[in-house]
Amino acid sequence: MVLQQQTHFLTKIDQEVEEEEPFHGFIFRSKLPDIFIPHHLSLTDYIFQKFSGDGEGDSTSTCLIDGATGRILNYADVQTNSKKIAVGMHRLGIRHGDVVMLLLPNSLEFALCFLAVAYLGAVSTTANPFYMQPEITKQGKASAAKMIITKKCYVQKLTDLKNDGVLIVCVEDGDEDEVSSAEDGYVSFTELAQADETELPEPEILPEDTVAMPYSSGTTGLPKGVMITHKGLVTSIAQKVDGENPNVNFTANDVILCFLPMFHIYALDALMLSAMRTGAALLIVPRFELNLVMELIQRYKVTVVPVAPPVVLAFVKSTETERYDLSSVRMMLSGAATLKKELEDAVRLKFPNAIFGQGYGMTESGTVAKSLAFAKIPFKTKSGACGTVIRNAELKVVDTITGISLPRNKSGELCVRGHQLMKGYLNDPEATARTIDKDGWLHTGDIGFVDDDDEIFIVDRLKELIKFKGYQVAPAELEALLISHPDIDDAAVVAMKDEVADEVPVAFVVRSEGTQLSEDDVKSYVNKQVVHYKRIKMVFFIEAIPKAVSGKILRKDLRAKLETECSK
């Protein structure tokens, strides 16, 4: 009966696709078969499905490992503790649909709090704890956060939000005194987590309810709240790890290393939640420190190491890798930015037993493509490719001028469609409509092509975004800061290539008449207001910012000018 329901479901999807694509354009699908995905389940019910009822999961198996302290939580611990936190939040007034900001580094608390918020049918908006106060205040107000969970060392950045009535919960370090609810209006995380998990409310959670809201600049513009639903995250996770032939075959025996930031969708979706769905162990490291990471790989026999290109470069350049036993690593996954062939070849020598693959995705789209190198079908990923389209999804390549879908080996903008897509941008229907068209296609802003073997290659991007070590830097955000300076009449920001960071932001500035503004003045003004990866690397003073008749900045002209300046 279940098989009949699944077959009917897939047939219905095929029929819908045919109706939406009457001219049968060039649409690419996965080499792997579609699977049934339980969209009716909430995220937490789906994640822990194997550990409830007649599920085959062992709740005593390791779920989370704190790389800093060695503390271990099994699957029963994680479910119990996250429910306790959820009850504590509920007592403080958090209800279905409310927004809670997680301003935390990689930690057990981050994972438990995210799950707790999901249990309540509330929404987690994740933020980089190294953001400066103006950045945090802006996201907190834009998302209408009612509670912020953070560490005591970051609370000084939250003064404005606290004064607006936002409740602050502090996670204590081992060497800090606990924060009592009577002290300066802050609530102790320990106090929050001492509730009775049996008192957990059971809100009605619908598939289209938002569960996560990271901030992204999308293809252009200022950072926006990306509304990711229960159905969207369930789909995105299932596309990667469910079924008999998953694209990335995590198993219950894996130990998956997580030093990539958990506030970013890559680590949140593809690592933390995907690991929990499969019953694997997640080894959480607060930040990337090469020797510490290699020591942890050796100590815990890590089997899966997800990376970004700057991390790969650190492994390749290190002369100390031979001091550690890295032979347990069977899989390396690269994402967040394109990995050059030379780096890919070099890192293979450091991890002789590891299969290597790349992935491609966006906050708004979930995973778009994954390497099939790990699937149980004959396949060899080509260097420079980011994999093939994920299953239960569709991809097309469209001409950037005509919008016509293109055949294989023709470059155009990559567009993706499927249930894993975001619901939209918070309070911004215009930006949503620019990103997801009326037929449900999300326009990624990336230029690429699909070759004869269904491999996807990214060759350029329409986006204005700057990618610093995989982090997004929105030129519009920096431009708004620059123009707010009293001695700057106009400004524009573009990317400059960098060997280590991939790209760094540089500014073109028009001084106000009669001022003597220096490069150091400009850098200091911006850099004290933004997180480190948004800092201006260089400043060029010009007479006027080149713009089209419409007023749009001609960034191509500025990039050409930058090349000229750097070649001098």
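The structure under discussion appears in the preceding block.
Bear in mind that the values here come from a model prediction, so they are computed numbers and not experimental data.

Caption draft 1: Focus on the sheet that holds strand β21 (residues 442-450). Strand order in the open sheet made by the four strands is β18-β19-β21-β22, with antiparallel pairing throughout. The sheet is open, and its two borders are formed by β18 (394-398) and β22 (456-461), each paired with just one other strand. Geometrically, the sheet is characterised by an average inter-axis angle of 50° between neighbouring strands, direction not taken into account. Of the pairings in the sheet, the one linking strand β19 (residues 412-417) to β21 comprises four bridges and is antiparallel in character. Pairing of Cys-415 across the sheet is with His-443, part of β21.

Caption draft 2: Highlighting unusual backbone geometry. Of note in the backbone geometry, Asp-454 takes a positive phi value of approximately 70° without being a glycine. Structurally, Asp-454 is set in the loop between β21 and β22. According to the relative accessible area criterion, Asp-454 is buried, its value standing at 18%. Backbone geometry at Asp-502 places phi at a positive 80°, although glycine is not the residue there. Taking relative accessible area as the criterion, Asp-502 reaches 23% and is therefore assigned partly exposed.

Caption draft 3: Representation of the environment of Ile-483. As for its position among the elements, Ile-483 is in helix α14 (residues 475-483). Judged by relative accessible area, which is 41%, Ile-483 ranks as partly exposed. The spacing of Ile-483 and Val-510 is 27 residues in sequence and 9.3 Å in space, taken between C-alpha atoms. For Ile-483, the residues in contact, after removing those within four places along its chain, are Ile-488, Asp-490 and Ala-491.

Caption draft 4: Spatial organisation of the packing of aromatic side chains. Counted by the stated rule, this structure contains eight aromatic pairs. One Lys or Arg, Arg-511, reaches over the ring of Phe-541 and ends 3.6 Å from the middle of that ring.

Cut-offs used in this document
- Residues numbered from 1 in each chain as written.
- Predicted model: local features only at pLDDT ≥ 70, side-chain atom pairs only at ≥ 80, totals over all residues.
- Heavy atoms only, no water.
- Pairing = 2+ DSSP bridges.
- Helix = DSSP H or I, 4+ residues; strand = E, 2+ residues; numbered from the N terminus.
- Axes fitted to C-alpha atoms, helices over the stretch in contact; angles between N-to-C directions.
- Buried < 20%, exposed > 50% of the residue type's maximum accessible area, 1.4 Å probe, protein only.
- Contact = heavy atoms within 4.5 Å.
- Phe/Tyr/Trp six-rings, centres within 6.5 Å; stacked < 30°, edge-to-face > 60°.
- Lys NZ or Arg CZ within 6 Å of the ring centre and 35° of its normal.

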